[in-house]
Amino acid sequence: MRIRQPLLVAALAAAALAATPAVATASDVRGTDAPDRSAHSVLSTQPSLRILAQRSGLKVGTAVNMDLYGSDAAYTRIVDQQFSTVTPENVMKWQLVEPTQGTYDWAAADRLVAAARDNQQLVRGHTLVWHSQLPSWLSTDGTTTTFTPQQVRDLLHKHVVDEVSHFRGQIWQWDVVNEAFNDDGTPRQDIFYKAYQALGMNGLDYIADAFRWAHQADPHALLFYNDYNLEFTGAKSNAVYAFVQQLQAAGVPIAGVGFQGHLDTQYGFPDLQNNLQRFAALGLKVALTEVDVRTFVQPDPAKPGSYTDVPLTPALQATQESYWKQTLQACLAVRSCISYTVWGVADSNSWIPGVFAGEGAALLFDDNLQPKPQYQDLRQVLWTTRAPHRG
Ligand code: XIL
């Protein structure tokens, strides 16, 4: 049952926070050597992230892996209980929805949207236009294609209209365009940029097109530009900041900017709140869309070349916890920050170990789907922070 009255929520939360240690360690909550994946006593007796976040009106979300959702009971329970918004980790990407040209496969994405409706969760659609995870019939590397520039534009139009229309009325926020800029602030030279240039337009005009087409197909969805490293003040964040103002000036229906929030303890904590604030000051919504905090982890002695989900040192664990708290505090402090989404449930299903060698432990639940101190940190922040209410 979803509890709606704020007072009841507050009372429940107060009782539960008083009854349990403010910050439980992973071993506290695990209790025994053999992890109990069925009972989830801590999770079922403490108010969830989604309940605690109701005080500020913030939606708290997770990326969902549809290979696990519905088949792994413990994973599914966490998704359903803890979060008020869900993002498909992969199943709405072009490669997954149109693996063969002209033949759509919406099955997995439809399953997520239906589950979200059952659980009173909002859906972040991710993502319509991205250089990566394109279907191989279109491009295998994101920068080359056998199609002509005009064909690329026509294919993009069809893709955006068909996908947004399929989910019309069921998507809260769409990541319309993902990662269009390089870290040095220059536009990424992907197949879309190059096609538009070859057609005699500004290469970035594909972005305005995609937003306009998406808006026509679903006028109620909030349309987002989404990227990484916007958290840091620098060439990329400045370029996107200037670019979204051009979109606004041209009347392009952009509603928000998504800050992915893939943080790493080795790079320092970014100037996040100021960057959220300056985009919000443009009249845009902002959101943290893919938060994880990776660090270096201990090698697995049993499997050479593999790693555990344990940070190399206690200091790195402490730094991770500090980063988690600061990301949520930054979002809570900015009234236009409407959602805070973590990129996956457990370390065992995070994308990080596969991409960043020797790093991991990036999420809120460990390899056995037990809550980590980071999870309790976020609960604590939600409960103790006086945040402006967002509608
Ligand atoms: C990642 C997924 O987590 C992986 O499962 C997949 O293999 C590759 O993509 N930025 C994004 C996300 O916008 O879509 C990416 O997700 C992570 C980086």
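Before reading further, recall that the structure is shown in the block above.
A quick note: this is a predicted structure, and the numbers were derived from the prediction, not measured.

Turning our eyes to something else, we now look at the site of the ligand. The environment of the ligand is made up of 13 residues, and the closest members are Glu-89, Lys-93, His-126, Asn-178 and Glu-290. Separating an oxygen atom of the ligand from a side-chain N or O atom of Gln-133 is a distance of 3.2 Å. In this structure, Gln-260 approaches the ligand through a side-chain N or O atom, which is 3.4 Å from an oxygen atom. A per-class count over the shell around the ligand returns 3 nonpolar, 6 polar and 4 charged.

Here helix 8 (residues 149–166) spans 26 Å end to end across 18 residues, near enough to the 26 Å set by a 1.5 Å rise per residue. Those residues of helix 8 not exposed but buried are Val-152, Leu-155, Leu-156, His-159, Val-160, Glu-163 and Val-164. The buried residues of helix 8 all sit within an arc of 140° when viewed along its axis, so they share a single face. Where helix 8 is buried, its residues meet helix 6 (94–97), strand 3 (122–129), strand 4 (173–178), helix 9 (191–198) and helix 10 (205–217).

What follows deals with the pattern of salt bridges. Taken as a whole, this structure holds 8 salt bridges when the rule is applied. We note a salt bridge from Asp-175 to Arg-124, for which the minimum N-O separation is 2.7 Å. Taken together, the positions of Asp-175 in strand 4 and Arg-124 in strand 3 put the pair 51 residues apart, joining distant regions of the chain. Taken as a pair, Asp-175 and Arg-124 share a single burial class, namely buried.

A few words now on the packing of aromatic side chains. Describing an aromatic ring pair means giving the distance of the ring centres and the angle of the ring planes. Under the defined criterion, the tally for this structure stands at 15 aromatic pairs. On the numbers, 6.4 Å between centres and 10° between planes, the contact of Trp-94 with Phe-192 is stacked. Remark: Phe-192 occurs in helix 9 and Trp-94 occurs in helix 6; sequence separation between them is 98 residues. Assigned by exposure class, Trp-94 and Phe-192 land together as buried. An angle of 85° between the planes, with centres 5.6 Å apart, marks the rings of Trp-351 and Phe-356 as edge-to-face. These aromatic residues form a ring-pair network of at least three members: Trp-94, Trp-137, Phe-147, Phe-192, Tyr-196 and Tyr-206. In this structure, Arg-55 packs its charged tip against the face of Trp-383, placed 4.5 Å from the ring centre.

Here is what the cut-offs are and how they apply
- Residues numbered from 1 in each chain as written.
- Predicted model: local features only at pLDDT ≥ 70, side-chain atom pairs only at ≥ 80, totals over all residues.
- Heavy atoms only, no water.
- Near = heavy atom within 4 Å.
- Polar contact = N/O pair within 3.5 Å; in protein donor to acceptor, adjacent residues only side chain to side chain.
- Nonpolar A, V, L, I, M, F, W, Y, C, P; charged D, E, K, R; others polar.
- Helix = DSSP H or I, 4+ residues; strand = E, 2+ residues; numbered from the N terminus.
- Expected span 1.5 Å × (residues − 1).
- Buried < 20%, exposed > 50% of the residue type's maximum accessible area, 1.4 Å probe, protein only.
- Arc of directions from axis to C-beta.
- Contact = heavy atoms within 4.5 Å.
- Salt bridge = Lys/Arg side-chain N within 4 Å of Asp/Glu carboxyl O.
- Phe/Tyr/Trp six-rings, centres within 6.5 Å; stacked < 30°, edge-to-face > 60°.
- Lys NZ or Arg CZ within 6 Å of the ring centre and 35° of its normal.

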